[in-house]
Amino acid sequence: MLHYPAAPPSDPVDDDVDAPAEAFLPRYLARIGYAGPVAPTLEVLAALQAAHIAAIPFEAIDALTGAGIDIGAPAVDAKLIGQRRGGYCFEQNSLFLRALLAIGFDAEGLLGRVRWMLPDDAPPTPRTHMVVRVRLGGRPWLADVGFGAAVPPRPLAMDSEEPQPTRHESYRVVRQGDAWQVAASIEGAWRTLYRLDHVAPPAIDYELGNWYTSAHPDSHFRHQLIAARTTAEARYGLRDNRLTVRLIDGRIDRRYLSADEIERALAEIFLLPVRPHWRSVIERAATAEIVG
């Protein structure tokens, strides 16, 4: 049996939604448990990325319950910082981008088309994934804290097509005309995560992507309970009632959970403050039949 992380000490909820703008960065750094140097360097970028994906889980439960997802800065701060919730790419990477800008990084958002688990000849998908591009010394780096169980655990150089190893998988960023294709080496095969556009989009494009992802009936977030968290030691992924743990030494543990076990995993593994109104979607997830 593989080791699952124990529940962390219960931290008080930060309900100061009216905190002044200058308090944003300290609140964010406290939320991810980061107390290191704060400067626009590659080392700091990598440390912040690792701390963020370990502290703030990937989840889209508000899309599943029908509560909706607001990606405005006040709503994201209230949810991910104040309520100690998780979120998906538009929430996670917009929060990360604002923190990087507050530190002084040269950073901007990009949009891409998710290609995860799709054949190469599959029809185009909508632009529904946000990432962050950071320029350091004129060199572009991809920083992503919002791609669930396959999220890159460190910044990826965007000007090299060579494999880039991490503590987990190796990644590759390949330029294809005006786009980049980002892939991960998983179980011996390169699997495309997403294709990124070259130009930073206007804000309305994020709103449209977020609407599709959170509200369109074809979005899998409207039908599946999904959570993920990546630490230095392991990746934890929940898809309905199937919990998968991938350790960095290559061991993989998969198991199916009851409703009570799903609720406990959300709290203890994914660090979420479980809400009573989630119970109906948790019970539905516990009866799911997962294919693939």
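If you're wondering where the values come from, they're calculated on a predicted model, not measured in any experiment.

Draft legend 1. Fine view of the overall build of the chain. For the chain, the count of helices and strands is 8 helices and 13 strands. Along the longest, intermediate and shortest principal axes, the C-alpha atoms of the chain span 50 × 50 × 40 Å. The buried share of the chain, reckoned over its 292 residues, is 51%. Carbon and sulfur atoms provide 54% of the accessible area of the chain, an area that totals close to 13300 Å².

Draft legend 2. Structural detail: the sheet that holds strand β11 (residues 234–239). Spatially, 5 strands are ordered β1-β10-β11-β12-β13 in an open sheet, and the strand pairing comes out antiparallel. Because the sheet does not close on itself, it has two edges, and the strands there are β1 (58–59) and β13 (252–256). Here strand β12 (residues 242–247) pairs with β13 via 5 bridges, running antiparallel. Paired with T244 across the two strands is R254, which belongs to β13.

Draft legend 3. Geometry of the environment of P155. Here P155 lies in the loop between β4 (139–143) and β5 (156–157). You can call P155 buried: its relative accessible area is 3%. In this view, P155 contacts L42, L45, A46, Q49, W141, L142 and Q164; residues no more than four positions away in its chain are not counted.

Draft legend 4. Spotlight on the pairing of β11. For β11, the buried fraction is high: 5 of the 6 residues fall into the buried class. Taken together, strand β10 (residues 226–230) and the strand that follows it, β11, pair antiparallel across an intervening segment of 3 residues. Counting the residues between successive antiparallel strands, the hairpin from β11 to β12 contains 2 residues, one of them, D240, with a positive phi of roughly 55°.

Draft legend 5. Representation of unusual backbone geometry within the structure. Even without being glycine, E187 reaches a positive phi, approximately 50°. With respect to the secondary-structure elements, E187 resides in the loop between β8 (179–186) and β9 (189–197). The phi torsion at L271 lies on the positive side, around 60°, for a residue other than glycine. Turning to its location among the elements, L271 is positioned in the loop between α7 (259–268) and α8 (279–285). A relative accessible area of 21% means that L271 is categorised as partly exposed.

Draft legend 6. Quick look at the nonpolar core. Among the nonpolar cores identified, the biggest contains 62 residues, and Y28, L48, F96, L100, F105 and V134 are the most heavily contacted of them. Element by element, the count of residues in this core is highest for helix α5 (residues 89–103), at 8 residues. Among residues more than four places away in sequence, those in contact with V134 are L45, L100, F105, D106, A107, R139, P140, W141 and A143. Listed in part, the 22 residues of the second largest apolar core include V245, L272, V281 and A285.

Draft legend 7. Summary view of the layout of surface pockets. Reported here for the largest pocket is a volume of approximately 1600 Å³. Considered class by class, the residues forming the lining of the largest pocket number 23 nonpolar, 16 polar and 10 charged.

Draft legend 8. Region of interest: the confidence of the model for the chain. Across the chain, the average pLDDT comes to 92, with 92% of residues at 70 or higher. In the model, residues 6–10 has pLDDT below 50 throughout and makes 4 contacts with residues more than four positions away in sequence or in other chains.

Draft legend 9. The pattern of salt bridges, seen in detail. Inspection of every chain in the model, using the stated rule, returns 18 salt bridges. A salt bridge links D197 to R127, with the nearest nitrogen and oxygen atoms 2.4 Å apart. Taken together, the residues span a long stretch of sequence, with D197 in strand β9 and R127 in strand β3 (residues 127–136) at a distance of 70 residues. Across the salt bridge formed by E187 and R246, the nearest N and O atoms sit 3.4 Å from each other. Within this pair, whereas E187 is found in the loop between β8 and β9, its partner R246 is found in strand β12, the two being separated by 59 residues in sequence. According to the relative accessible area criterion, E187 is exposed, its value standing at 55%. Several salt bridges share partner residues, and in doing so they unite E59, D62, K79, R85 and E91 into one network.

Draft legend 10. Local environment of empty space enclosed by the protein. In this structure the tally under the stated criterion is 1 cavity of 30 Å³ or more. If you add up the space inside the largest cavity, you get close to 70 Å³. As for the largest cavity, its lining consists of 13 residues, of which F58, V145, G148, V151 and A228 are closest to the centre. Take the lining of the largest cavity: its biggest share by element is 3 residues, from β10.

Parameters at a glance
- Residues numbered from 1 in each chain as written.
- Predicted model: local features only at pLDDT ≥ 70, side-chain atom pairs only at ≥ 80, totals over all residues.
- Heavy atoms only, no water.
- Helix = DSSP H or I, 4+ residues; strand = E, 2+ residues; numbered from the N terminus.
- Buried < 20%, exposed > 50% of the residue type's maximum accessible area, 1.4 Å probe, protein only.
- Areas by Shrake-Rupley, 256 points an atom, 1.4 Å probe, with all protein chains shown as cover.
- Pairing = 2+ DSSP bridges.
- Contact = heavy atoms within 4.5 Å.
- Core = buried A, V, L, I, M, F, W, Y, C linked by side-chain atoms within 4.5 Å.
- 1 Å grid on protein atoms, 1.4 Å probe; cavity = no way out; pocket = protein on both sides within 12 Å on 5 of 7 lines; lining within 4 Å.
- Points joined across faces, edges and corners; volume = space filled by probe spheres on them.
- Nonpolar A, V, L, I, M, F, W, Y, C, P; charged D, E, K, R; others polar.
- pLDDT = per-residue confidence, 0-100.
- Salt bridge = Lys/Arg side-chain N within 4 Å of Asp/Glu carboxyl O.

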